[in-house]
Amino acid sequence: MANIINKARIKQRSLVITLLDLKNAFGEVHHNLIQSVLGYHHIPNHMNNLIKSLYTDFKTSVITSEFRTHFIPVGRGVLQCDCLSPLLFNMCFNTYIQHIKAEKYRQFGFSLQLLNPIHWFHFPDDAAVITGQESENQHLLNRFSIWCQWSNMVVRVDKCSTFGIKKVLSKSAQYLPKLLINKDLIPTIKTGESFEYLGRHFDFNMTNEKHKSEVISLIDELMSEIDLKPLHPKNKILLYSRYVLSKLSCHFTVATISKTWVVENIDSSVNKYIRKWLEVPKSGTLKNKLRNRLKCQGSFFENVSKFSLSQLNAIWSVSQSKLPKNIFNFTIRYINNTLPTRKNLSRWGISSSSDCSFCLHPESLLHVVAGCQHYLERFTWRHDCILNFLAKTFQSLNECKLHVDLPGFESPSIITGDEYRPDLLVSTSDKHLYVVELTVGFESNLTNNVNRKKAKYKNLIRELDQNFTSVKFINLSVNSLGVFDKECHTFVKMLNELGLDNQHQQYCIRKIISIAIRSTYYIFCCRNKEWTNPELMNI
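Worth saying up front: this structure is predicted, and the values here are computed from it rather than measured.

1. Quick look at the pairing of strand β6 (residues 161–168)
Thinking step 1. Alignment of strand β1 (residues 15–20) against β6, held across five bridges, turns out to be antiparallel. Within β6, the residue paired with I17 across the bridge is F163.
Thinking step 2. Where β6 lies against strand β7 (residues 171–175), five bridges are found, and the strand directions are antiparallel. Bridge pairing in β7 places V168 opposite K171.
Thinking step 3. Remark: two residues form the turn of the hairpin made by β6 and β7, two consecutive strands paired antiparallel; L169 in that turn has positive phi of roughly 60°.

Written out as structure tokens, the structure is:
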């Protein structure tokens with residue numbers, strides 16, 4: 001239909017379109033008509049009898065918990081929720097379509113190039129009459145009125161509409177045709193207004209303005225409704241991606257709306273709400289940061305893609321999504337580097353100084369969570385929170401002896417001597433020793449930390465190898481948000497060798513991620529404040 005309207009306007013040809021509306025179309029099909037139509041279409045006798053049995057002496061009853069009506073005879077309408085019903089309705093309507101396929105009616109249609117003239121559009125009960133002249137359209141409408149009388153169908157003239165284009169002087173213009181059905185005047189589409197057919201809006205200039213205004217109204221309504229719900233940010237975003245986008249898809253399917261228009265009018269509105277939910281300032285980017293897996297974008301993702309153990313990234317995403325709202329939003333802003341560090345506040349014109357209040361170095365994100373020399377106690381606390389969890393986990397294993405560099409445990413120096421003091425030693429009954437060295441740092445420094453620890457304990461591993469069946473160095477290196485370094489594959493292998501099943505291994509990894517994120521969040525919240533030496537985190 002869009003093609004026809006554009007052709008008529010550009011080529012300055014006359015066009016008349018009438019949209020027809022049948023009253024309760026599926027519910028008005030008489031059962032006697034169905035039986036006649038089956039014979040008209042030469043349906044095989046066994047199928048004919050089967051369908052007739054469905055609609056012969058058809059009765060229904062209303063049943064509730066309190067009462068039940070007597071059986072009510074039903075002589076009209078096809079069955080609801082029956083896959084056969086649309087086919088039966090179309091077969092009934094087809095009797096009229098076959099009638100107007102005759103050459104004397106077909107010539108009334110609108111021609112496109114060398115194709116046969118198009119004079120009728122029909123999709124179940126949505127019908128449109130298309131002709132080049134007003135008189136031709138009226139002729140087809142008269143034939144339709146006669147068919148409706150024969151089939152006992154009722155046309156709702158007040159719900160019908162007609163649209164016209166004709167040449168005025170030297171250009172095309174919209175006009176108001178005067179057409180009748182059963183002596184009643186059909187309402188016209190006013191100049192400049194649009195009409196809707198099969199979900200698409202059509203107007204003289206085919207501008208899609210109606211679709212655009214509906215999309216803007218719909219997105220504002222749905223996003224504001226989601227915004228008012230007391231949901232976690234990740235669930236609000238899930239509603240947006242699963243529900244809101246599906247609501248908009250119809251408009252983008254039936255109409256041609258440019259990507260530029262979407263970016264300028266829809267993205268800005270959506271981003272406003274998502275920034276609010278995630279507490280991301282205007283300086284932070286949202287592009288593809290909301291996916292539930294790690295992606296190579298920005299400084300965080302750029303470093304993560306280089307050092308992370310990819311098999312654990314999915315566990316990290318799940319762990320992040322289960323965090324409380326404030327900590328979840330903290331991770332999003334950490335990833336975007338939009339947390340209110342003094343360096344960012346200075347860049348945004350909010351603070352006059354970008355220096356740390358303790359060491360007078362620029363207070364960047366790296367400086368707060370892993371770099372300030374005055375924060376070493378805080379970083380040690382975070383490190384010990386994770387180490388304490390590991391110690392308690394391995395303590396429950398049978399036939400394993402632990403040496404942990406924490407109060408309350410035997411010191412690793414008993415085995416390694418005073419020169420070296422790894423974080424954790426796990427020895428088994430069959431003389432296998434695991435030397436675990438934990439590092440928690442900023443993502444851009446982890447590769448250097450891994451190499452440094454390897455070099456540091458190289459000689460110790462060689463010395464211990466003489467006293468044990470095997471000695472394995474476990475370089476457990478994670479970043480401030482709990483993303484595991486590639487070198488941590490040895491840690492996963494150790495969990496497996498110590499007899500932890502897959503479910504227990506994943507639980508252990510999720511806990512390490514959660515402790516790392518929560519402790520980093522606490523360190524950030526305590527920036528520029530005196531440290532109070534809190535107890536080790538136990539979650």
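2. Considerations on the sheet that holds strand β5 (residues 126–131)
Thinking step 1. Pairing is antiparallel across the open sheet formed by five strands, whose spatial order is β4-β5-β1-β6-β7. A strand with exactly one partner marks an edge of an open sheet, and here the two such strands are β4 (120–123) and β7. With direction set aside, neighbouring strand axes in the sheet form an average angle of 15°.
Thinking step 2. Looking at chain direction, β4 and β5 are connected through four bridges and run antiparallel. Bridging from a neighbouring strand, H122 pairs with A127 of β5.
Thinking step 3. Sitting on the sheet, helix α1 (residues 2–11) is in contact with β1, β4, β5, β6 and β7, with an inclination near 155° to β1.

3. With respect to the nonpolar core
Burial of nonpolar side chains together is a common tendency in soluble globular proteins.
Thinking step 1. If you look at the biggest cluster of nonpolar residues, it comprises 87 residues, and the most contacted ones within it are L390, F394, F484 and F491.
Thinking step 2. Looking at which domains feed residues into this core, each of domain 2 (209–281) and domain 3 (310–538) gives three or more.
Thinking step 3. In terms of nonpolar packing, the next biggest core, distinct from the first, is built from 38 residues, L20, I34, Y175 and I181 among them.

4. Notes on the packing of helix α11 (residues 313–321) against helix α12 (residues 325–336)
Thinking step 1. Taken N-terminus to C-terminus, the directions of α11 and α12 make an angle of 130°; their axes are 9 Å apart at the nearest point. With respect to their mutual orientation, α11 and α12 come out oblique. Between α11 and α12, the contacting residues are W316, Q320 and S321 on the first element and F328, T331, I332 and I335 on the second.
Thinking step 2. For the contact of α11 with α12, a count of residues per class yields four nonpolar, three polar and no charged.

So, how was this worked out
For every chain, the first residue of the written sequence is number 1, and numbering continues from 1 along that sequence. pLDDT decides what is reported in this predicted model: residues at 70 or higher carry local features, side-chain atom pairs at 80 or more are listed and counted, and totals for whole chains, interfaces and linings draw on all residues regardless. Side-chain numbers here rest on the full set of heavy atoms in the structure, without hydrogens or water. When DSSP finds two or more bridges between two strands, those strands count as paired. Each helix corresponds to a stretch of at least 4 residues labelled H or I by DSSP, and each strand to a stretch of at least 2 residues labelled E; elements are numbered beginning at the N terminus. Lines are fitted to the C-alpha atoms to define the axes, a helix being fitted only along its stretch in contact, and any angle between axes, read from their N-to-C directions, falls within 0 to 180 degrees. Note on contacts: a residue pair qualifies if any of its non-hydrogen atoms lie within 4.5 Å across the two residues. Here, nonpolar core means buried Ala, Val, Leu, Ile, Met, Phe, Trp, Tyr and Cys residues that are tied together by side-chain atoms lying within 4.5 Å of each other. Remark: exposure states derive from per-residue accessible area (1.4 Å probe, protein chains only) relative to the maximum for the residue type, with buried under 20%, exposed over 50%, and partly exposed in between. Where each domain begins and ends is defined by an automated method or by a domain database. Any angle from 65 to 115 degrees is called roughly perpendicular, while one under 35 is roughly parallel, one over 145 is roughly antiparallel, and all others are oblique. Under the grouping applied here, Gly and all other residues not named as nonpolar or charged are polar, the nonpolar ones being Ala, Val, Leu, Ile, Met, Phe, Trp, Tyr, Cys and Pro and the charged ones Asp, Glu, Lys and Arg.

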